[in-house]
Amino acid sequence: MMVVGTGEKDSEANREIKELSLFWEISQALGRSLDLREVADPVLGALAERMGMNHGTLTLLNRKTGEIFIEAAHGLSITQMQRGRYQIGEGVTGKVVQTGQPAVVPRISDEPLFLDRTGSRKDLGKKDISFICVPIKIGSEVIGTLSADRVFGDSVSLEEDLRLLSIIASMVAQAVRLRQEAEEERQALVEENLRLRGELKERFRPGNIIGNSKGMRDIYALVSQVSKSNATVLVRGESGTGKELVAHAIHYNSLRANRPFIKVNCAALPATVLESELFGHEKGAFTGAVTQRKGRFELANGGTIFLDEVGDFPPTVQISLLRV
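Residues numbered from 1 in each chain as written. Predicted model: local features only at pLDDT ≥ 70, side-chain atom pairs only at ≥ 80, totals over all residues. Heavy atoms only, no water.

### Side note on the sheet that holds strand β5 (residues 129-138)
We apply this condition: A strand pair is defined by DSSP finding two or more bridges across the two strands. Numbering of helices and strands starts at the N terminus; helices are DSSP runs of H or I of at least 4 residues and strands are runs of E of at least 2. Helix axes use the C-alpha atoms of the stretch in contact, all axes being lines fitted to C-alpha atoms, and the angles between their N-to-C directions lie in the range 0 to 180 degrees. We call two residues contacting when some pair of their heavy atoms lies within 4.5 Å.
Strand order in the open sheet formed by 6 strands is β3-β2-β1-β6-β5-β4, with antiparallel pairing between adjacent strands. Because the sheet does not close on itself, it has two edges, and the strands there are β3 (85-87) and β4 (103-105). Between one strand and the next, the sheet's axes are offset by a mean angle of 20°, whatever the strand orientation. The sheet contact formed by β5 and strand β6 (residues 141-151) spans 10 bridges and is antiparallel. The partner of C133 across the bridge, within β6, is S147. With respect to the sheet, helix α4 (residues 91-99) is in contact with β1 (55-62), β2 (67-74), β3, β4, β5 and β6, its orientation differing from that of β5 by roughly 30°.

Below you can see the structure in the form of structure tokens.
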């Protein structure tokens, strides 16, 4: 009996085995974490190894600014990744985000929409490079893209690569969404922080302190003078006369205004913990010190520390304070 095998069937079986192996590897990475920063590199690395791609990128869309940026990449330097930014509708990547439809460019040298903004293909023959970009979606909303390029050849099936990338894009979509939301939340916090700092600076400028007598005008002049320096300032006065307002005014009119303003109420802290609060401690420094703790002086580094009721310091702590 004679058995005859066909190379075509063997090739098809090998391709299916490679695909299943790739899907399993990606699902394992996604199973370990939904943090995109942790899974993006393994996913792109698996694509590079099993698809033979030269470069691979995963981009995110900032819905507030409309900017598309590279979150993770294979085969690109940090500088190249930073250059890879697009607006919706700009270039091939921007068009994919705009339309929600994948794009296949057999030769990037023939495609005017291909911008190569990263500059990563300058040393390669553009006529021999194919580029595939697929949208990453949650429902009908495009939240990013997954793209790859490879050397063009008659043996390369771009349709198969497109199908493979589309499946993988759907697998990582949830991790991309979580990362997108985290980035947008971080940006919102940065903007809110800048807004609040602006409000504080306006609120605590000397002009907002009530009083127009000669004595108050002298104080305003002193605040203006010392806020331009790094001098230590002793603010004296009875309770309720506005010592904390003066301390705020000095800080928010100084070159340290964008750094921390740390207040310590010396009278409210027990003497047993005051030194630890001010100077911190290392893990295991004493019984109960189970973790490292930063002191108020370290937290105020680069900014201003306001020691309220400093006269209530115990003598032992005053010695440490004098060393500072």
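There's plenty left to go through after this.
### Here's the deal with the nonpolar core
The cut-off we apply is this: Definition of nonpolar core: a set of buried residues of the types Ala, Val, Leu, Ile, Met, Phe, Trp, Tyr and Cys, connected through side-chain atoms within 4.5 Å. A simple rule labels every residue: compare its accessible area, found with a 1.4 Å probe on the protein chains alone, to the largest value its type can have, and call it buried under 20%, exposed over 50%, or partly exposed in between.
Grouped together as the largest cluster of nonpolar side chains are 33 residues, with contacts concentrated most on L36, L47, I136, L146, L165, I168 and V176. Every element with two or more residues in this core is listed here: α1 (7-32), α2 (36-51), β1, β2, β5, β6 and α5 (158-203). Apart from residues no more than four positions distant in its own chain, L146 is found in contact with L44, L47, T57, L58, I132, C133, V134, I136, L165, I168 and A169. Formed by 10 residues, the second largest nonpolar core is a distinct cluster that contains V264, A300, L307 and L321.

### What to know about the packing of helix α8 (residues 271-279) against helix α10 (residues 315-323)
Applicable threshold: An angle below 35 degrees is read as roughly parallel, one above 145 as roughly antiparallel, one from 65 to 115 as roughly perpendicular, and any other as oblique. Rotating anticlockwise by less than a right angle from the far helix to the near helix defines a left-handed crossing, while the corresponding clockwise rotation defines a right-handed one. Lys, Arg, Asp and Glu make up the charged group, whereas Ala, Val, Leu, Ile, Met, Phe, Trp, Tyr, Cys and Pro make up the nonpolar group; the residues left over, Gly among them, are polar.
The interhelical angle for the contact between α8 and α10, taken along N-to-C directions, is 15°, at an axis separation of 10 Å. Relative to α10, the element α8 is oriented roughly parallel. For the pair α8 and α10, the sense of crossing is right-handed. Judged by residue contacts, L274, E275, L278 and F279 of α8 engage V317, S320 and L321 from α10. Residues belonging to the contact of α8 with α10 are distributed by class as follows: 5 nonpolar, 1 polar and 1 charged.

Read these as geometric descriptors, not functional statements.
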